[in-house]
Amino acid sequence: MALATAAQVRALAPGLSTADDTTIDTLLARIDAAFARFCGHPTPDSGAQTMEAATYTTFPGRYDLGIEQDRAIATIPTPPILSITSVHVDPEQDYGADTLLTASEYVADGRRVELLVGATHSWSDLPRANRVVVSAGYVVASHPVLTEAAIVQAIHAIGNTSAAGSTSTSTRGGSRSVAPLSLLPEVREMLTDYRLAVP
């Protein structure tokens, strides 16, 4: 599912028709990636940045781990975790079955994974010893602000399509500067709560 549909964009841009749907869908995909970059989301395993749910293979290191009483907690550098696929703690970086933790040994909370009391392993300080594979991101249906922001940005971009990629455009009086197709200030404001904070 995309952040918004072509039909939702067309509903607020009467000059568009179903013949424009392919272009709108392409634009919405690019807007999704732009939102993810603005929010500081890393690139998922698919290689395409997105606000939506995606798979991330992460290697939380010593600076991602808590200290003292929070030593069992690792902050994962992804959007909020939806589910955990696997957790390995393996200094040898083989990530075999003998270093795989069972689902009963950890719990996810937001962007944090906590190893529970009695877990067979504890987080390691060694490079790439901790491997956590998660599905993380946002279920768009539960975050209508993302859809609204995408529609606003799409309509703005469509209005500037004829000049996209140019620094100026010709007019009867000569030429004028064209503003870059960056995120609108109001869209940036709408995305404020989705930006990843430094743990």
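For clarity, every value in this text was computed on a predicted model and none was experimentally measured. (Residues numbered from 1 in each chain as written. Predicted model: local features only at pLDDT ≥ 70, side-chain atom pairs only at ≥ 80, totals over all residues. Heavy atoms only, no water.)

Draft legend 1. Region of the structure containing the nonpolar core. Among the nonpolar cores identified, the biggest contains 28 residues, and L3, L28, F35, M51, L146, A150 and L191 are the most heavily contacted of them. Those elements giving two or more residues to this core turn out to be helix 1 (6-11), helix 2 (21-38), helix 3 (144-159) and helix 4 (185-190). Here the element with the most residues in this core is helix 2; it accounts for eight residues. Those residues within four positions of A150 in sequence are excluded, and the remaining contacts are L3, A4, L28, I31 and F35. (Core = buried A, V, L, I, M, F, W, Y, C linked by side-chain atoms within 4.5 Å. Buried < 20%, exposed > 50% of the residue type's maximum accessible area, 1.4 Å probe, protein only. Helix = DSSP H or I, 4+ residues; strand = E, 2+ residues; numbered from the N terminus. Contact = heavy atoms within 4.5 Å.)

Draft legend 2. Local environment of a negative patch on the surface. A grouping of E68, D70, D109 and E114 is seen on the molecular surface, where their side chains present a negatively charged patch. Note that E68 resides in the loop between strand 1 (54-58) and strand 2 (73-75). You can call E68 exposed: its relative accessible area is 67%. (Patch = residues over 30% accessible without salt bridge, like charges linked within 9 Å, V, L, I, M, F, W, Y side chains within 5 Å. Areas by Shrake-Rupley, 256 points an atom, 1.4 Å probe, with all protein chains shown as cover. Salt bridge = Lys/Arg side-chain N within 4 Å of Asp/Glu carboxyl O. Lys, Arg positive; Asp, Glu negative; His and termini not counted. Charge placed at Lys NZ, Arg CZ, Asp CG, Glu CD.)

Draft legend 3. Fine view of the pattern of salt bridges. Per the counting criterion, the structure on display carries two salt bridges. Close ionic contact of D21 with R10 constitutes a salt bridge, the shortest N to O distance being 2.7 Å. Separated by 11 residues along the polypeptide, D21 in helix 2 and R10 in helix 1 bring together distant segments of the chain. In this structure, R71 and D125 form a salt bridge, with 3.0 Å as the shortest nitrogen-oxygen distance. In this pair, R71 is assigned in the loop between strand 1 and strand 2 and D125 in the loop between strand 5 (112-115) and strand 6 (130-136), connecting sequence segments 54 residues apart. Judged by relative accessible area, which is 31%, R71 ranks as partly exposed.

Draft legend 4. Quick look at the packing of helix 2 against helix 3. Two elements in contact, helix 2 and helix 3, have axes whose closest approach is 10 Å; the angle formed by their N-to-C orientations is 120°. Between helix 2 and helix 3, the angle is such that the two are oblique. Between helix 2 and helix 3 lies a crossing of right-handed hand. Between helix 2, through I24, L27, L28, I31 and F35, and helix 3, the contact on the second element is made entirely by L146, A149, A150, Q153, A154, A157 and I158. Along the lines of polarity and charge, the residues of the contact of helix 2 with helix 3 split into 11 nonpolar, one polar and no charged. (Axes fitted to C-alpha atoms, helices over the stretch in contact; angles between N-to-C directions. Parallel < 35°, antiparallel > 145°, perpendicular 65-115°, else oblique. Left-handed = near helix turned anticlockwise from the far one by under 90°. Nonpolar A, V, L, I, M, F, W, Y, C, P; charged D, E, K, R; others polar.)

Draft legend 5. Expanded view of helix 3. Along its 16 residues, helix 3 runs 23 Å from first to last C-alpha, staying within 8% of the 22 Å computed at 1.5 Å per residue. Burial in helix 3 covers these residues: L146, T147, A149, A150, I151, Q153, A154 and A157. On the buried face of helix 3, the contacting elements are helix 1, helix 2 and helix 4. (Expected span 1.5 Å × (residues − 1).)

Draft legend 6. A look at helix 2. End to end, helix 2 covers 25 Å across 18 residues, agreeing with the expected 26 Å (1.5 Å per residue, within 8%). The elements touched by buried residues of helix 2 are helix 1, helix 3 and helix 4. Immediately beyond the C-terminal end of helix 2, within one or two residues, lies G40, with a positive phi of roughly 80°.

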